[in-house]
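# Overview (structure and organization)
Spelled out, the chains give:
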Amino acid sequence: MTITLITGANKGLGRETARRLIACGHTVLLGARDPERGEEAAAALGARHVTIDVTDDASVAAAAADVAGHEGRIDVLINNAGVHGPVGDPCALTAADALAVLDVNVVGVVRTTTAFLPLLRRSEDPVIINVSSGMGSLALTHDPARPESHVVAPLYTSSKAALTMLTTQYAKGLEGIRVNAADPGYTATDLNGHSGPQTVTEGTDAIVALATEEPGAGTGRFVSRHGEIGWS
């Protein structure tokens, strides 16, 4: 049975991904930094909660130790935890604002990936999925026909651009592990005040597709629910 760990999974895209993968037969480890909310979500879905705060080295290490002691491996790591940061006029942005967003959206992925690599390497078909965004694409944010081009979110967009590049580097450097990025699209979640036109089910299509691919599927890809996106 495929064992999948999802960070930031007590609500939104993470929770819906957990629900859908459980329905596909995965054993899901529902990662959440708040133990009470994590346990509640896990109980409702039939997952096992793992406390993990991706901004805290000790928390991530403890989560990896927990999984090592219980499951002994993971097959799929979904780096889903993310924050949005300030929107609009960038004049008042501070270094603290930037560090807070990057610590979750980029550094948190590094922390979690490094900690769980030994458990991934015990899998016969290890997979890493980074939940990125078209908001980090230079092409999409410069296309007037795309909704991404009408949003000013300096820290979120730059963090997702960094995450897509990090994904390509992991894909090149991690031999034997498939590493891909998913673009959920403009989905109604807490992150955007539920303003997106897509449902969370539609927003998780690309993530679920990457998590349920057959062994030998490609690495180093950026995928939306409509297909592969160019790295630009």
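Check the entry above for the structure.
Quick caveat, the model's predicted, so the values are computed rather than measured.

Once that is clear, we can look at the pattern of salt bridges. Evaluation of the coordinates by the stated rule reveals 12 salt bridges. The salt bridge partner of Glu213 is Arg221, with a shortest N-O separation of 2.8 Å. Salt bridges sharing common partners tie together Arg20, Glu202, Asp205 and Arg225.

Glancing now at the packing of helix H3 (residues 57-70) against helix H4 (residues 95-120). In the contact formed by H3 and H4, the axes pass within 9 Å of each other and the chain directions differ by 20°. When the axis of H3 is compared with that of H4, the two are roughly parallel. With respect to the hand of their crossing, H3 and H4 are arranged in right-handed fashion. In this structure, H3 uses Asp57, Val60, Ala63, Ala64, Val67 and Ala68 to contact H4, whose residues at the interface are Arg111, Thr112, Ala115, Phe116 and Leu119. Partitioned by chemical class, the residues of the contact of H3 with H4 number eight nonpolar, one polar and two charged.

Before going further, it helps to spend a moment on the sheet that holds strand E3 (residues 48-51). The strand order E3-E2-E1-E4-E5-E6-E7-E8 describes an open sheet built from eight strands, whose pairing is mixed. In this open sheet, the two edge strands, each paired with only one partner strand, are E3 and strand E8 (227-229). With direction set aside, neighbouring strand axes in the sheet form an average angle of 25°. By the bridge criterion, four bridges tie strand E1 (residues 3-6) to strand E2 (residues 27-32) in an arrangement that is parallel. Note on E2: the bridge partner recorded for Thr4 is Val28. In this fold helix H1 (residues 12-23) packs onto E1, E2 and strand E4 (76-79), with an angle of close to 170° to the strand it touches most, E1. Across the sheet, helix H2 (residues 35-45) touches E2 and E3, and the angle it forms with E3 is around 160°.

What counts and how
Residues numbered from 1 in each chain as written. Predicted model: local features only at pLDDT ≥ 70, side-chain atom pairs only at ≥ 80, totals over all residues. Heavy atoms only, no water. Salt bridge = Lys/Arg side-chain N within 4 Å of Asp/Glu carboxyl O. Axes fitted to C-alpha atoms, helices over the stretch in contact; angles between N-to-C directions. Helix = DSSP H or I, 4+ residues; strand = E, 2+ residues; numbered from the N terminus. Parallel < 35°, antiparallel > 145°, perpendicular 65-115°, else oblique. Left-handed = near helix turned anticlockwise from the far one by under 90°. Contact = heavy atoms within 4.5 Å. Nonpolar A, V, L, I, M, F, W, Y, C, P; charged D, E, K, R; others polar. Pairing = 2+ DSSP bridges.

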